[in-house]
Amino acid sequence: MYFTDRGIEELESRRGEEEVTFAWLADKLRAFVDLNPDFETAVERLATYLARDDEDFED
């Protein structure tokens with residue numbers, strides 16, 4: 001188990017039933033980076049991964 005799995009599990013257990021928009025998620029990611037600039041690269045990579053995730057399924 002990776003250390004990040006604990007945070008992912010907490011997110012799922014606390015908010016797993018909620019539905020959110022990608023606009024809401026983008027706002028949360030921006031706010032997180034504003035407070036934690038050292039994580040800018042990791043957040044950018046996650047955002048790019050999420051934005052391009054459906055490219056694997058194009059015909």
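It should be noted that the structure appears before, not after, this text.
Let us look at the structure shown here.

**What about helix H1 (residues 3-15)?**
For H1, with 13 residues, the first-to-last C-alpha span of 19 Å sits near the 18 Å given by 1.5 Å per residue. Across the 13 residues that make up H1, only a small minority, zero, are buried.

**Quick look at a nonpolar patch on the surface**
A contiguous nonpolar surface patch, about 440 Å² in accessible area, is contributed by Phe22, Leu46, Tyr49 and Leu50. Counting residues per element, the nonpolar patch draws most heavily on helix H3 (residues 40-52), at three residues.

**A short note on the packing of helix H2 (residues 22-35) against H3**
Where H2 contacts H3, the two axes come as close as 10 Å, and the packing angle between them is 165°. Here H2 lies roughly antiparallel to H3, going by the angle between them. Crossing geometry of H2 relative to H3 is assigned as left-handed. Residue-level contacts link Leu25, Leu29, Phe32 and Val33 of H2 to Glu40, Val43, Ala47 and Leu50 of H3.

**Overview of the pattern of salt bridges**
The final tally for this structure, using the stated rule, is three salt bridges. In this structure, the salt-bridge partner of Arg15 is Glu18, at a minimum N-O distance of 3.0 Å. Judged by its relative accessible area of 43%, Glu18 is partly exposed.

Definitions and cut-offs
- Residues numbered from 1 in each chain as written.
- Predicted model: local features only at pLDDT ≥ 70, side-chain atom pairs only at ≥ 80, totals over all residues.
- Heavy atoms only, no water.
- Helix = DSSP H or I, 4+ residues; strand = E, 2+ residues; numbered from the N terminus.
- Expected span 1.5 Å × (residues − 1).
- Buried < 20%, exposed > 50% of the residue type's maximum accessible area, 1.4 Å probe, protein only.
- Patch = residues over 30% accessible without salt bridge, like charges linked within 9 Å, V, L, I, M, F, W, Y side chains within 5 Å.
- Areas by Shrake-Rupley, 256 points an atom, 1.4 Å probe, with all protein chains shown as cover.
- Salt bridge = Lys/Arg side-chain N within 4 Å of Asp/Glu carboxyl O.
- Axes fitted to C-alpha atoms, helices over the stretch in contact; angles between N-to-C directions.
- Parallel < 35°, antiparallel > 145°, perpendicular 65-115°, else oblique.
- Left-handed = near helix turned anticlockwise from the far one by under 90°.
- Contact = heavy atoms within 4.5 Å.

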